[in-house]
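Descriptive structure summary
The residues making up each chain are set out below.
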Amino acid sequence: MADYTSLLALRGAFSQVGGHGILSHVPPYSLYLHIPFCRHRCAYCDFNTYERLEALIPAYVQALCGELRWIDRSFGQRLPVHSLFFGGGTPSLLPVGELGSMLEAARESFELLPGAEITLEANPGTLSLEYLQGLRGLGVNRLSLGMQSAQPGELLLLERQHGYQDVLQAVQWARRAGFDNLNLDLIFGLPGQSLESWRESLEMALDLGPEHLSLYALSLEHGTPMRAWYERGLLPEPDPDLTAEMYEYASQRLAEQGFVQYEISNWARRGQDGQPLACRHNLQYWRLLPYLGFGAGAHGYALGVHTANVLAPAAYIQRMQAAGDPGAAQPRLDFPRSPANASAEQPAQREQMGEWMMMGLRLTEEGVSAQDFRQRFGQELQAVYGREIERLLRLGLLEWRDRVGERLRLSERARLLGNQVFMEFV
Amino acid sequence: MSTNIRNFCIIAHIDHGKSTLADRLLQLTGTISDREMTEQVLDSMDLEREKGVTIKASAVRMMYTARDGQVYELNLIDTPGHVDFGYEVSRALAACEGALLVVDASQGIEAQTLANLYLALEADLEIIPVINKIDLPSAHPDQVADDLSNLLGVPDDQILRISAKAGLNVEEVLEYVVQHVPPPKIDPQAPLRALIFDSHYDSYKGVVAYIRVMDGEINSGDILRLMQSETDLKPIEIGIFSPGLRPVAKLSAGEVGYIATGLKTVRECRVGDTVTLASRPAEQPLPGYQKVKPMVFAGIYPVEGEDYDELKESLEKLQLNDASLVYEPETSQALNFGFRCGFLGMFHMEIIQERLEREYDLDIIVTAPSVEYEVVLRDGSLVRIDSPAQLPDEAQLVEIREPWMKIQIFTPTDFYGTVMDLVTKRRGVFIGQDYPAPNRVQLNFEIPLSELIVDFFDQLKSRTRGYASLDYQFAEYRPDDLVKLEILVNGEPVDALATIVHREDAFHRGQAVISKLKDLIPRQLFVVPIQAYAAGRVISRANVKALRKDVLAKCYGGDITRKRKLLEKQKRGKKRMKMIGSVEIPQEAFLAVLRYGDE
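1. Some points on the overall build of chain A
The secondary structure content of chain A amounts to 15 helices and 17 strands. In chain A, the proportion of contacts linking residues at least 24 apart, taken out of those at least 6 apart, comes to 71%. For chain A, the accessible area works out to roughly 17200 Å², and carbon and sulfur atoms hold 49% of it.

2. Some details on the overall build of chain B
Looking only at helices and strands, one finds 14 helices and 33 strands in chain B. Looking at chain B as a whole, 59% of its 599 residues are labelled buried. Long-range pairs, those at least 24 residues apart, make up 69% of the contacts in chain B with a sequence separation of at least 6. When the accessible surface of chain B is summed, it comes to about 24600 Å², and 48% of that surface belongs to carbon and sulfur atoms.

3. A closer look at the sheet that holds strand β7 (residues 193-202) of chain B
Residues and elements named next belong to chain B. Read from one edge to the other, the open sheet built from eight strands follows the order β11-β10-β16-β7-β8-β15-β12-β13, with strand pairing classed as antiparallel. Edge positions in the sheet fall to β11 (231-233) and β13 (245-248), since each has one partner strand and no second. Within the sheet, the average angular offset between the axes of one strand and its neighbour, ignoring direction, is 40°. Sheet topology places strand β8 (residues 206-215) next to strand β15 (residues 256-260); five bridges connect them, and they run antiparallel. Pairing of V208 across the sheet is with A260, part of β15. Packing against the sheet, helix α3 (residues 86-94) makes contact with β7 and β8, and its axis sits at approximately 130° to β7.

4. Focus: the interface of chain A and chain B
The interface is formed by 46 residues belonging to chain A together with 28 residues belonging to chain B. Of all residues in chain A, D241, N419 and M423 of chain A give up the largest surface area on contact with chain B, accounting jointly for 18% of the area buried on that side. Here chain A and chain B share nine salt bridges between them. For R562 of chain B, the salt bridge goes to D46 of chain A, with nearest N and O atoms at 3.5 Å. Across the chain A-chain B interface, the total number found is 15 residue pairs in polar contact (both at pLDDT 80 or more). At the level of secondary structure, the elements contributing two or more residues to the side of chain A that touches chain B comprise β1 (29-35), β8 (212-217), α9 (240-256), α12 (349-360) and α15 (418-422) of chain A.

5. Overview of the sheet that holds strand β5 (residues 126-132) of chain B
Residues and elements named next belong to chain B. Taken together, the six strands give an open sheet; going across it, the order is β2-β3-β1-β4-β5-β6, and neighbouring strands pair in mixed fashion. Sheet topology places β2 (58-65) and β6 (160-161) at the edges, where each strand pairs with a single neighbour. Pairing geometry for strand β4 (residues 98-104) and β5, over seven bridges, is parallel. Residue pairing for β5: V102 is matched across the bridge by V130.

6. Some details on the state of the cysteines
A full pass over the atoms with the stated rule returns zero disulfides over all chains. With no disulfide of its own, C45 of chain A has C42 of chain A as its nearest cysteine by sulfur position, at a separation of 6.1 Å.

7. Observations regarding helix α1 (residues 18-28) of chain B
Residue and element names in this part refer to chain B. The buried fraction of α1 amounts to nine of the eleven residues, a majority that puts the element mostly inside the structure. Residues of α1 that are buried: K18, S19, T20, L21, A22, D23, R24, L25 and L26. Where α1 is buried, its residues meet β1 (5-12), β2, β3 (71-78), β4 and α6 (170-180). Just beyond α1, the residue with positive phi is G30, at close to 70°.

8. So, the side chain of T276 of chain B
Residue and element names in this part refer to chain B. Within the secondary structure, T276 is located in strand β16 (residues 274-277). A polar contact of 3.0 Å, which involves the side chain of T276, links it to the backbone nitrogen of A282. With sequence-adjacent residues up to four places away left out, T276 is seen in contact with L192, I223, L224, R225, M227, P281 and A282.

9. Structural notes on the confidence of the model for chain B
Residue and element names in this part refer to chain B. Across chain B, the average pLDDT comes to 87, with 93% of residues at 70 or higher. Model confidence for chain B, summarised as mean pLDDT per element, is weakest for helix α2 (residues 46-51) at 46 and strongest for β16 at 96. With pLDDT under 50 throughout, residues 47-57 is counted as low confidence; its partners more than four residues away or in other chains account for 43 contacts.

10. Examining the environment of D156 of chain B
Residues and elements named next belong to chain B. Residue position: D156 is located in the loop between α5 (141-152) and β6. Given a relative accessible area of 29%, D156 falls into the partly exposed group. Here the alpha-carbon distance between D156 and Q143, two residues 13 residues apart in the chain, equals 9.9 Å. Excluding residues that lie within four positions of it along the chain, D156 makes contacts with A145, D146 and S149.

11. Re the side chain of E255 of chain B
Residue and element names in this part refer to chain B. By secondary structure assignment, the location of E255 is in the loop between β14 (250-252) and β15. Among the residues examined, E255 registers a relative accessible area of 12% and is labelled buried. At 2.8 Å, the side chain of E255 forms a polar contact with the side chain of R61.

12. Regarding helix α3 (residues 96-109) of chain A
The end-to-end C-alpha separation of α3 of chain A is 20 Å, in line with the 20 Å expected for 14 residues at 1.5 Å each. At its buried positions, α3 of chain A is contacted by β1, α2 (57-75), β4 (80-88), β5 (111-122) and α4 (129-138) of chain A.

13. Thoughts on the pattern of salt bridges
If charged atoms from side chains of opposite charge come close, those side chains can pair. Residues and elements named next belong to chain B. In this structure the tally under the stated criterion is 55 salt bridges over all chains. D480 is the partner of R427 in a salt bridge, and the nearest nitrogen-oxygen pair spans 3.0 Å. Placement of R427 in the loop between α9 (416-425) and β24 (429-437) and of D480 in strand β26 (residues 469-480) is noted, with a sequence separation of 53 residues between them. Between D481 and R503 there is a salt bridge; the shortest N-O distance is 3.0 Å.

14. Examining the environment of K516 of chain B
Within the secondary structure layout, K516 of chain B lies in helix α12 (residues 503-520). For the pair K516 of chain B and A589 of chain B, spaced 73 residues apart in the sequence, the C-alpha separation amounts to 7.9 Å.

15. Focus on the packing of α3 of chain A against α4 of chain A
Residue and element names in this part refer to chain A. α4 packs onto α3 with a crossing angle of 10° between their chain directions and a minimal axis gap of 10 Å. Viewed along their axes, α3 and α4 adopt a mutual orientation that is roughly parallel. Residue-level inspection shows V96, L99, G100, L103 and R107 of α3 in contact with α4, the latter providing Y131, G134, L135 and L138.

16. Thoughts on the confidence of the model for chain A
Averaged over all residues, the pLDDT of chain A equals 91, while 92% of them reach at least 70. Per-residue pLDDT stays below 50 along residues 1-24 of chain A; that stretch engages in 26 contacts with residues further than four places along the chain or on separate chains.

17. So, unusual backbone geometry
Residue and element names in this part refer to chain A. For the bond from G88 to G89, the omega torsion is 10°, close enough to zero to count as cis. By secondary structure assignment, the location of G89 is in the loop between β4 and α3. The residue after F335, namely P336, is reached through a cis peptide bond having omega 5°. Here the phi dihedral of R52 falls at roughly 55°; this positive angle occurs in a residue that is not glycine.

18. Notes on the packing of aromatic side chains
Summed over the entire model, instances satisfying the criterion amount to 24 aromatic pairs over all chains. Aromatic pair F197 of chain B and Y210 of chain B: ring centres 6.2 Å apart, planes at 85°, arrangement edge-to-face. With F197 of chain B in strand β7 and Y210 of chain B in strand β8, this residue pair connects regions lying 13 residues apart in the sequence. Under the relative-accessibility criterion, F197 of chain B is labelled buried at 0%. Taken together, W356, F373, F377, Y385 and F425 of chain A form an aromatic cluster joined through their ring pairs. Here the guanidinium or amino end of R136 of chain A rests over the ring plane of F179 of chain A, the centre of that ring lying 5.6 Å away. For the cation-ring pair, R199 of chain A lies above Y249 of chain A, with the distance from its terminal atom to the ring centre recorded as 5.0 Å.

What counts as what
Residues numbered from 1 in each chain as written. Chains lettered and ligands numbered in written order. Predicted model: local features only at pLDDT ≥ 70, side-chain atom pairs only at ≥ 80, totals over all residues. Heavy atoms only, no water. Helix = DSSP H or I, 4+ residues; strand = E, 2+ residues; numbered from the N terminus. Contact = heavy atoms within 4.5 Å. Areas by Shrake-Rupley, 256 points an atom, 1.4 Å probe, with all protein chains shown as cover. Buried < 20%, exposed > 50% of the residue type's maximum accessible area, 1.4 Å probe, protein only. Pairing = 2+ DSSP bridges. Axes fitted to C-alpha atoms, helices over the stretch in contact; angles between N-to-C directions. Buried area = accessible area lost by both parts, 1.4 Å probe. Salt bridge = Lys/Arg side-chain N within 4 Å of Asp/Glu carboxyl O. Polar contact = N/O pair within 3.5 Å; in protein donor to acceptor, adjacent residues only side chain to side chain. Disulfide = S-S within 2.5 Å. pLDDT = per-residue confidence, 0-100. Expected span 1.5 Å × (residues − 1). Parallel < 35°, antiparallel > 145°, perpendicular 65-115°, else oblique. Phe/Tyr/Trp six-rings, centres within 6.5 Å; stacked < 30°, edge-to-face > 60°. Lys NZ or Arg CZ within 6 Å of the ring centre and 35° of its normal.

What follows is the structure, encoded as structure tokens:
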């Protein structure tokens, strides 16, 4: 049985105060919009994305707009939103117009707060100046480019279908179009990759002057071509020690360059206000604050409920078409559930605590705070996890950030050993 | 009436179709209706059905109207088909006058075909050869008939050819039994002597002994005496197998049936014992009784210490039905509290392990098996040890003796060389050879049991592409130059990883174990040195590198549930490992010492 008490309490609060006044007490939400289309699937990718389904795009966009409206109706109020993220897949495959209609639907259904972060993931090979100008015109203010590597051989292995030249060009155009918050994704720990070639990729990424860098260690996920190649003996297994050295090198190099590492895989430069230009959308995940997922295979989390949508785009479209327009009809599902959900689960409190720890401890700078834990769960962090924390402190995997008992975070050594820490809390 | 009794058994190499034939006979005689027929009713344990072998012997009475118009009482005694249960087989044979020797039409004669045949001949049984599975495309019944004819001196055309599975010619088998198996020779006036050839434990009736009445008769209400265990008892009931237990008032000489003894443990009522009347005891027990001794020993430990009591109870329950399983509490520095268990052989050990895991749902660690050594000390005393950890300090030792076995390997002649190589590498000594069938050779060796229990059978099978078969019997204890091979993990000797090996093999074995352990022990948060140590020095060492990278990648689109589940899975895997000092060791590591990798 799901527990609706928190939702009912929230609704009760609305009806008493009667309208918008209470909204300042609702934490701002984040919205994730999934675009499951790719011209070509990369060899390492196990995300929910599909080739040769571009014909579905118009119907898909319509369905997604429908889901945005549906959720809005089921909540009954326009929720405040401070970040929106077009992820994929390849969102940059969609024409500006299609992205625009989704943004419009989001603005209709939610209260996009002033200064909200609106990110779009893009494949550097799919862009043009006009396109980027179009995005800016829609209000997209953050661009995340999948650069992955600067080495032609590595890009070929990953089946990326773009070169460094494309990234360089994309960055120049993005700057011209007015983007002042750019992220580059890089992958390290590739089979056969040398420390030298990684250094080079990193330098060439730095040369492009991004505000933000995400560095991911490759993992050979089941069901991907690279995993299959590895299993058939065509690829060597990435060397974990070398991968660790690449990571340590990058941490050091990025610190020299003025980047702040705020998460295991994420670095940001400081903005004009002195604060790191961290990705607000991803911070929402790591802090386990509410977000809603729209589109095929999208995940959401609100009021303690995890939702996951059906994976296949065609099935997603069908679900939303069958649900019809929420328009006049009374919503039949409780927030945050959607007609496209394949599952909606509310973990027990202990599991929610584990999730909160596992996500929060990824934040290498801020970590998790005992005060937040108390506020959220009504229990003392030390009372619940005292033994685990003690053990991990002793092993040198955790540390108190400022004062003992206040903020807990991974030690520098533990940044690449996160699972050994997270495991203790789940 | 006793002239219309036929007591017979079916003997065969494993998988040659013995149980299927038994099923067909039960159906044909209407002992069990087609509706009740589940495949292989005689194998009542799930595990048996899955492994396709019969672990416990069973018996059943069938009434058969033969072509001569008379009704015969046929008692079929099903025998275990595996080499570990040789003694049980011999007692079952002693309860019969005839044996169906079943041979697979594609596989032909195998080691246990011969071993069981020799046992049957020793028990003076009439042998009826039967070629089974003649409907298989790979069958070559003429060839097999020829071989059997040469072996037994029976004309080719008198050898039955059947398919038990397809029901082909099975009726003929019953006629052969009636015509060729002699009726029991009995003396109804003599004092009662009944042979116990099997037993099982029933929670209401206690130990149920399966018996063949040799002389005299048993009436319900008689006070009975077990001659070997010197126990008197008043049975709860006596009866026959039809095929369930059916009480009767009397069992006469020549008949097969059961006694519900009410005894609480199978050890008081051992297979091979003789039942007589307390009021008029026989002078001599029946010949051939042996107390079965375990040959292979291993430690069984719960993965979680708190499961100790449950493991103890499970072993107790298993022992109710299995007199050959012995165990006693054992403490290991590495694995804490568990049990030292004795088994008849590797197969028996495997079955117990599987039953503990499957039927009792226990997570257990089974240590490398060992044999029982005789150790002569400087003070002249002799101690027996069945665990390498118990081996006294080398300075105190005069001599270590170990059990040697006689083995017979039966194989196509093509594999002569590779079999010879395997056995001699394992310190085996060639004794002689026979050619019981064309292109088949039986090689006879003597070999230390310790070499046999570690990976030998698998090696034999792989070297001979599955064709070779093996039989073995205990020979004697012999001294040899043996040393303890110890494994140190992070500087600590791990008793559960110690083995006793020949001095000349210590170096090679030590290296092999270290290189296996190096891969099996997962990286820890610190560097873990592992060393093999024998005869006072380190003979091999390696380091398990420190873990440097273990973190989930990108959190795809906020799928937190999946992330949590992955971590939970990883945590469960970690929990299953055993903490030795501060090092986590997975279960497979304890079996690493089992895999020599001869090649």
